[in-house]
Amino acid sequence: MHKRVNQGFTLVETIVAMLIISIAALAMASALGFAFARSSDGLLEAKVVYVAQGYLEEIQARRYDEATPSGGIPPCQPVTPCSALGPDSESRENYDDVDDYNGLLDAPPRDSLNQIMSEFSGFSVAVTVDYASSAQIAAWNLDDATDAKIVSVTVTTPDGRSRPFIMIRGNY
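Here the residue numbering is sequential within each chain, running from 1 through the sequence in written order. Given that the model is predicted, a residue must reach a pLDDT of at least 70 before its local features are reported, and side-chain atom pairs must reach 80 or more before they are shown or counted; all residues, however, enter totals for whole chains, interfaces and linings. Just so you know, side-chain values use all the structure's heavy atoms and leave hydrogens and water out.

S.K.: When you look at the sheet that holds strand β1 (residues 105-106) in this model, what are you seeing that I'm missing?
M.R.: In a beta sheet, neighbouring strands pair by backbone hydrogen bonds and run either parallel or antiparallel. Read across the open sheet, the 4 strands follow the order β1-β2-β3-β4; overall the sheet is antiparallel. Unpaired on one side and paired on the other, β1 and β4 (162-170) mark the two borders of the sheet. What makes two strands pair is DSSP finding at least two bridges between them. In this text, helices come from DSSP runs of H or I with a minimum length of four residues, and strands from runs of E with a minimum of two, each type numbered from the N-terminal end. In the sheet, strand β3 (residues 148-156) pairs with β4 via 9 bridges, with the strands oriented antiparallel. Pairing of V155 across the sheet is with R163, part of β4. Each of β1, β2 (124-131), β3 and β4 touches helix α2 (residues 41-60); the most contacted strand, β4, lies at about 25 degrees to it. Working rule for contacts: check all heavy atoms of both residues, and any pair within 4.5 Å makes them a contact. Lines fitted to C-alpha atoms define the axes here, with helix axes fitted over just the stretch in contact, and angles between the N-to-C directions of these axes take values from 0 to 180 degrees.

S.K.: Please explain the pattern of salt bridges as it appears in this structure.
M.R.: Should the charged atoms of two oppositely charged side chains come close, the side chains can pair. Throughout this description, the term salt bridge denotes a Lys or Arg side-chain nitrogen within 4 Å of a carboxyl oxygen of Asp or Glu. A complete count under the given rule lists 8 salt bridges for this structure. Residues joined in a network through salt bridges with shared partners are E58, R62, R92 and D106.

S.K.: I keep staring at the side chain of D106 and nothing clicks. Help me out?
M.R.: By secondary structure assignment, the location of D106 is in strand β1. Three exposure classes are used, based on accessible area relative to the maximum for each residue type with a 1.4 Å probe and protein chains only: buried under 20%, partly exposed in between, and exposed over 50%. Judged by relative accessible area, D106 falls into the buried class, the value being 6%. Within the structure, D106 has its side chain in polar contact with the side chain of Y55 (distance 2.6 Å). We call two N or O atoms a polar contact when they sit within 3.5 Å, provided that within protein one can donate a hydrogen and the other can accept it, with sequence-adjacent residues counted only if both atoms are side-chain atoms. Only 2.7 Å separates the side chain of D106 from the side chain of R92, close enough to count as a polar contact. Not counting chain neighbours up to four residues away, the residues in contact with D106 comprise Y55, R92, F123, S124 and V125.

Have a look at this one:
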C-alpha cells in the first residue's frame with residue numbers, strides 16, 4: 001500500500017485565507033479612499049491663505065480712516081472725527097482707507113486693481129470692518145473706540161467651507 005502525502009490546502013483552509021485577505025484588502029481600500037479624498041485639502045488651504053493674505057495686505061496698506069492724513073498724524077479722534085464705516089462713494093480700485101472695504105463681497109476674488117483672479121473661481125471673499133468693542137478697548141488698554149478697527153476677511157472655498165482671518169488695524 002501506498003501512503004498518501006497531503007500536499008496543498010483543503011477547501012476550508014483556502015476559503016478562510018481568501019476571507020482574511022478580502023477583509024484586509026477592504027480595510028486598505030477604505031483607508032486609501034479617505035486619504036485620496038483628503039489629498040487636495042493642503043492645496044485648498046494654501047489657496048485660502050494666499051487669497052486672505054492678499055486682501056489683508058491690501059487693506060493694511062491703506063490709511064486708517066478717510067479723515068487720517070498721509071503718514072497717519074494726527075490720528076482721527078474726537079478733534080478730527082473719524083468718518084463712517086464703508087466706501088466713500090468710490091470704486092474698489094480707488095479705496096484709500098481701511099473701512100472702505102467694509103461690506104466687500106467678491107466672488108470670485110479680485111486683486112487690488114479689481115481684476116478677477118480666475119485661478120480662484122468658485123472661491124468667494126467677504127470683508128467686514130468694525131471699531132473695537134468696549135470689551136476689546138478695555139482688554140487692549142485703548143484710549144478710545146476709534147483707536148482700533150477689526151478687519152475680518154472670510155474666504156469661502158468651492159466646497160462651501162469658510163475660513164475667517166482677523167486683523168487689528170491701529171489708529172496711527
